[in-house]
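# Per-entry structural report
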Amino acid sequence: MAINEETKIDSNNEEQASGHQEVGHKSLLQSDALYQYILETSVYPREPTPMKELREITAKHPMNVMATSADEGQFLNMLLKLVNAKNTMEIGVFTGYSLLATALALPEDGKILAMDINRDDYELGRPIIEKAGVAHKIDFKEGPAMPVLDEMIVDGKYHGTYDFIFVDADKDNYINYHKRLVDLVKVGGLIGYDNTLWNGPVAAPPDAPMAKYVSYYRDFVLEFNKALAADPRIEICMLPVGDGITLCRRIN
Ligand SMILES: C[S@@+](CC[C@H](N)C(=O)[O-])C[C@H]1O[C@@H](n2cnc3c(N)ncnc32)[C@H](O)[C@@H]1O
């Protein structure tokens, strides 16, 4: 997500207004109590210690609302194991919660190309990732993801090489990422696009009251969701985990 000072303020207000003040509390469930039940019964008791530590450090960050939620981290970790992912990519790292969930799921020789325009936030999480013994799987590139993808597309050797790609940045560019990523992921591999339910207002009338940043990105998310549904190269599954994640399985 491209975030300026104004959207930072909006996003904080939005969280407070909805009562979702806890870090990573992006659940679309109707009841906060039910979400809390999921976290306390099934997520926190099984959360690996380094992920807990990273979540707690991230909670002190003024932009903690950007972090992947603990239940989504648990989901990604299991999904990656289920598909035996080895070569992966992440666009949008922040302090590294989803990155750590991924790194812990991959085999010792697994690889993650991780991209973010901001290295400082990644540096907050990096000592924990190192302590967890998984930093060797991560190739962090600072800068916008698109030029890197463009280079990979031109240099044909990366086509069809990724088992899993997680996209969690720059929502107004999802459609442009998809054009490239669908060539870079393996046939049978997965791309996960985060925030595809965009706080819920994807299903609200356009004139419904919503924070400025929600309203700005809503149209991009709506168009993107339609484009995925119409793309014959992939199978899709939209899950109401976290803020909505759409899994795309490349079929040809
Ligand atoms: C929602 S956060 C990612 C959260 C992260 N997945 C986690 O588990 O906490 C979005 C991140 O995308 C980064 N970002 C924004 N625009 C970007 C771009 N064009 N290329 C790469 N990263 C970008 C931001 O700096 C921010 O750290």
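The rules we used
Residues numbered from 1 in each chain as written. Predicted model: local features only at pLDDT ≥ 70, side-chain atom pairs only at ≥ 80, totals over all residues. UniProt positions renumbered as here; feature names shortened; annotations may be inferred. Helix = DSSP H or I, 4+ residues; strand = E, 2+ residues; numbered from the N terminus. Buried ≥ 20, exposed ≤ 12 C-beta atoms within 10 Å, placed from the backbone. Near = placed C-beta within 6 Å. Nonpolar A, V, L, I, M, F, W, Y, C, P; charged D, E, K, R; others polar. Pairing = 2+ DSSP bridges. Axes fitted to C-alpha atoms, helices over the stretch in contact; angles between N-to-C directions. pLDDT = per-residue confidence, 0-100. Contact = placed C-beta atoms within 7 Å. Core = buried A, V, L, I, M, F, W, Y, C linked by C-beta atoms within 7 Å. Arc of directions from axis to C-beta. Right-handed = clockwise from strand over helix to strand, strands pointing away.

The name given to the chain in an unreviewed UniProt entry is Caffeoyl-CoA O-methyltransferase, and the organism recorded there is Carthamus tinctorius. The UniProt entry for the chain carries the following comment under Catalytic activity (unreviewed entry): "(E)-caffeoyl-CoA + S-adenosyl-L-methionine = (E)-feruloyl-CoA + S-adenosyl-L-homocysteine + H(+)". Turning to the chain, the UniProt record has this under Pathway (unreviewed entry): "Aromatic compound metabolism; phenylpropanoid biosynthesis."

This part covers the overall build of the chain. Scanning the chain from N- to C-terminus turns up nine helices and seven strands. Sorting the 252 residues of the chain into buried and exposed places 42% on the buried side.

What follows concerns the site of the ligand. The environment of the ligand is formed by 22 residues, the closest being T68, G92, F94, S98 and A169. Looking at the shell around the ligand, the elements with two or more residues in it are α5 (97-105) and β2 (111-116). Counted by class, the shell around the ligand contains 13 nonpolar, five polar and four charged residues.

Before going further, it helps to spend a moment on the sheet that holds strand β7 (residues 245-250). Overall, mixed pairing links the seven strands, which are arranged β3-β2-β1-β4-β5-β7-β6 in an open sheet. Edge positions in the sheet fall to β3 (138-142) and β6 (234-239), since each of these pairs with one other strand and no more. Neighbouring strand axes in the sheet, compared pairwise and without regard to direction, differ in orientation by 15° on average. Bridging between β2 and β3 involves five bridges; their strand directions are parallel. Across the sheet, the residue bridging to D116 is E142, located in β3.

Below, the discussion takes up the confidence of the model for the chain. Looking at the chain as a whole, its pLDDT mean stands at 90, while 89% of the residues score no less than 70. The low-confidence segment residues 1-24, where pLDDT is below 50, has 35 contacts with residues more than four positions distant or belonging to other chains.

This part takes up unusual backbone geometry. One non-glycine residue, N84, adopts positive backbone phi at about 55°. Counting through the fold element by element, N84 comes out in the loop between α4 (70-82) and β1 (87-91).

A few words on the environment of I38. In this structure, I38 sits in helix α2 (residues 32-43). Here the alpha-carbon distance between I38 and D71, two residues 33 residues apart in the chain, equals 7.9 Å. The residues touching I38, leaving out its near neighbours within four places in the chain, are V43 and D71.

Right, let's talk about the nonpolar core for a bit. Across soluble globular proteins, nonpolar side chains have a tendency to be buried as a group. Judged by nonpolar contacts, the single largest core of 56 residues is most densely connected at L100, A103, I165, V167 and I191. Counting residues per element, this core draws most heavily on α5, at seven residues. Each residue touching V167, except ones within four places of it in the same chain, is listed here: I91, G92, Y174, Y177, I191, G192, Y193 and D194.

Bringing helix α7 (residues 145-154) into the picture now. For α7, every residue scored as buried is listed here: A145, L149 and M152. The arc that holds the buried residues of α7, viewed along the axis, is 60°, so those residues lie on one side. More than 90 degrees from the buried face of α7, the exposed residues found are P147, D150, E151 and V154. Close packing links the buried residues of α7 with β1, β2 and α8 (174-184).

Once that is clear, we can look at the pairing of β1. Across the five residues of β1, four count as buried, placing the element largely inside the fold. Summarising the sheet, β1 and β2 pair through five bridges and their orientation is parallel. Bridged to I91 within β2 is M115. In this fold, β1 hands off to α5, which returns the chain to β2; that crossover is right-handed.

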